[in-house]
Amino acid sequence: MTSTFVNIPEKFQIKELVNQSTYLVNGKLMSWNGETSEVYSTISSTEDYKPTLLGSIPTLTKKEALHALEAASEAYGKGQGLWPTMKVTDRVACMEKFVKQMKTKRDEVVKLLMWEIGKNVSDSEKEFDRTVEYIEDTIEEYKQIDRDSAKFVKHAGVYAHIRRGPLGVVLCLGPYNYPLNETFALLIPAIMMGNTTVFKPAKHGVLLLSPLLEAFRNSFPEGVVNILYGRGRTVAAPIMQSGKVDVLALIGNSKSANALQEQHPKQNRLRLVLGLEAKNPAIVLPDADLDLAIEECIAGTLSFNGQRCTALKILYVHEDIVEEFNKCFSARVDALKFANPWDNGAKLTPLPEPDKPAYIQELIDDATEKGAKVINEKGGETTENYIFPAVLFPVNKTMRVFEEEQFGPVIPIVSFKNIEEPLDDMAESNYGQQVSLFGKDVKTLAPLIDTLVNLVCRVNLNSSCQRGPDVYPFTGRKDSAVATLSVHDALRSFSIRTFVASKDNNYNNAILNELLESKASNFVSTDYIL
Ligand code: G3H
């Protein structure tokens, strides 16, 4: 196996560095002349392996972080700011302007996605297109939420005009595996609902935001979107310590989420929207269609090298079929092509974290010391930026790979005799996002489904786990998530119900009528947005 592929297609070659020398605060692209950090890809551009320099980003300090926070707080203006009080149609117009400009940057963003995080070309394109669609769907959904609340209700002699209002200042932090899509799945609904934001890109997948900075600046009023670069500890920590953050929106690691929450001096006011670790299992029953189960388990465990929170991270296979499953599954894994993201048919691609192969090797060593074997021929073959997926069998509870979220190319297989075994493990696990269930007999499936829906938040019948389509709820139990994301749910998660109530009498009703007729209030309105 080699990681030093040459022949990079012309349009994907790095000809110019992306030296990001500005950051966005208060509607201005601020020039930065201080310290910068170089951004490297683990993909080599030369035959002798060497990480490729892609550009640089500002290493901002506490001062710039607090400046961005101040801008967001001022734009919120204790709820009196332009953005949180703006008419729904005007906020929609800003978002439409943004998405129109964003669409023109597809090629630049897709190219950087490939270089920065090693995502293959079709998945990188999908990430961009899915994000555009997500924004467009969010606009439509927001209009629908507005239409549904453009009315009065009356109970016990009290009229109520109930809508959803913003929460305040949102600190947004996204993950490296979906640096565009998942970051925007937080940022866009947060902005749409009238919140103001400070956003810091993940450690990897940061330069791909550069082409979009101007679109943010051009589309939203000053202070609504502020974009910072730098280390989380230096930049995000002081923002939390200020106590001025109303929502922490983070998809990533629970260690960072916990550390940031703890810094907030007024924890009860802090709302959380979190997508954290998961250890989604597949359960393959003896009557499962084996070809289908294997196909889906390959996609589930190894799409983007297993670096997805929804990836299948442990496979439970019934003992009656485990031998056959292991044989076919291992052969399918070994047949997957490892190549650079732009190469035809690249299914496995370089890992963006330089220390990931060593970590995966630790998991393999630990499991093999405790009795597991690497059952596929190529499992564990290592290059400078990759470790070929190892299929480990038989795996048991004493092994690290049983418990830890590997977030990379290693596949533990556990065989079971009694269905209670995987169910007990799932009940004991810290995580509760999704499960894949493979089988056919309805009498067996029915009680299992009834249990599994109470252990996780999505049961995928004869298919791998996934977040999409984005209109479906994406969440998790236990340590896997706080709040729910989807086109609709995210708008709810970033807002709160708030309403105007008035007793039904002539005096109040005359005022309400005048409020409606004059259109003087942006909140009290029964207009139907087209
Ligand atoms: O990292 C976790 C992502 O939400 C997974 O999304 O299922 O669309 O790959 P996906």
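Up top you'll find the structure we're talking about.
Computed from a predicted model, the values in this text were never measured in an experiment.

A. Molecular detail of the site of the ligand. The local shell around the ligand consists of R130, N177, Y178, E182, R308, C309, T310, Q466, R467 and F474. N177 is positioned such that a nitrogen or oxygen atom in its side chain is 2.7 Å from an oxygen atom of the ligand. Contacts to the ligand include T310, whose side-chain N or O atom sits 2.7 Å from an oxygen atom. When isolated, the ligand has an accessible area of 310 Å², and the protein chains bury 96% of it. Residue classes in the shell around the ligand are distributed as three nonpolar, three polar and four charged.

B. Here's a closer look at unusual backbone geometry. That bond from F393 to P394 is cis: its omega, -10 degrees, falls within 30 degrees of zero. Relative to the elements of secondary structure, P394 occurs in the loop between β18 (390-393) and α13 (400-403). Geometrically, the link from G468 to P469 is a cis peptide bond, its omega value of -10 degrees lying close to zero. Residue placement: P469 occurs in the loop between β22 (458-461) and β23 (477-478). Its identity is not glycine, yet A156 carries a phi of approximately 50 degrees, on the positive side. Of note, A156 is situated in the loop between β6 (153-155) and β7 (158-166).

C. Structural context of the packing of aromatic side chains. Across all of its chains, the model carries 13 aromatic pairs by this definition. Among the aromatic residues, ring-to-ring pairing joins W83, F98, F184, F216 and F220 into one connected group. A cation sits over an aromatic face here: R91 above W83, 5.8 Å from the ring centre. When the ring centre of Y178 is taken as reference, the NZ or CZ atom of K119 above it lies at 3.8 Å.

D. Focus on the sheet that holds strand β5 (residues 51-58). The strand order β1-β5-β4 describes an open sheet built from three strands, whose pairing is mixed. Every other strand in the sheet has two partners, leaving β1 (18-19) and β4 (36-44) as the edge strands with one partner each. Taken together, the two bridges between β1 and β5 define a ladder with parallel strand orientation. In the sheet register, V18 faces β5, and the bridge partner there is G55.

E. Examining the packing of helix α8 (residues 232-241) against helix α9 (residues 254-263) more closely. Closest axis-to-axis distance for the α8/α9 pair is 7 Å, and the angle between their directions is 40 degrees. In terms of orientation, α8 and α9 fall into the oblique class. On the side of α8, the interface is formed by A236, A237, M240 and Q241, while α9 contributes L260, Q261 and Q263. Residues of the contact of α8 with α9, tallied by class, amount to four nonpolar, three polar and no charged.

F. A look at the packing of helix α3 (residues 88-103) against helix α6 (residues 181-192). Taken N-terminus to C-terminus, the directions of α3 and α6 make an angle of 150 degrees; their axes are 10 Å apart at the nearest point. Judged by the inter-axis angle, α3 sits roughly antiparallel to α6. Contacts between α3 and α6 involve R91, V92, M95, F98 and M102 on the former and, on the latter, F184, I188, I191 and M192. Of the residues assigned to the contact of α3 with α6, the class counts are eight nonpolar, no polar and one charged.

G. Representation of the state of the cysteines in the model. Tallying each qualifying case throughout the model produces zero disulfides. Looking at C172, it has no disulfide partner, and the nearest cysteine sulfur is the one in C309, 16 Å off. No disulfide involves C465; its sulfur sits 9.2 Å from that of C297, the nearest cysteine. C465 gets classed as buried once you look at its relative accessible area, which sits at 0%.

H. Layout of the nonpolar core. If you look at the biggest cluster of nonpolar residues, it comprises 99 residues, and the most contacted ones within it are F184, F216, F220 and L228. Residue contributions to this core peak at eight residues, all from α6. For F184, the contacting residues outside a window of four places in its chain are F98, M102, T131, Y134, I135, P189, L209, L212 and F216. V284, L285, A367 and V456 belong to the second largest nonpolar core, which has 57 residues in total.

Quick notes on the rules
- Residues numbered from 1 in each chain as written.
- Predicted model: local features only at pLDDT ≥ 70, side-chain atom pairs only at ≥ 80, totals over all residues.
- Heavy atoms only, no water.
- Near = heavy atom within 4 Å.
- Polar contact = N/O pair within 3.5 Å; in protein donor to acceptor, adjacent residues only side chain to side chain.
- Areas by Shrake-Rupley, 256 points an atom, 1.4 Å probe, with all protein chains shown as cover.
- Nonpolar A, V, L, I, M, F, W, Y, C, P; charged D, E, K, R; others polar.
- Helix = DSSP H or I, 4+ residues; strand = E, 2+ residues; numbered from the N terminus.
- Phe/Tyr/Trp six-rings, centres within 6.5 Å; stacked < 30°, edge-to-face > 60°.
- Lys NZ or Arg CZ within 6 Å of the ring centre and 35° of its normal.
- Pairing = 2+ DSSP bridges.
- Axes fitted to C-alpha atoms, helices over the stretch in contact; angles between N-to-C directions.
- Parallel < 35°, antiparallel > 145°, perpendicular 65-115°, else oblique.
- Contact = heavy atoms within 4.5 Å.
- Disulfide = S-S within 2.5 Å.
- Buried < 20%, exposed > 50% of the residue type's maximum accessible area, 1.4 Å probe, protein only.
- Core = buried A, V, L, I, M, F, W, Y, C linked by side-chain atoms within 4.5 Å.

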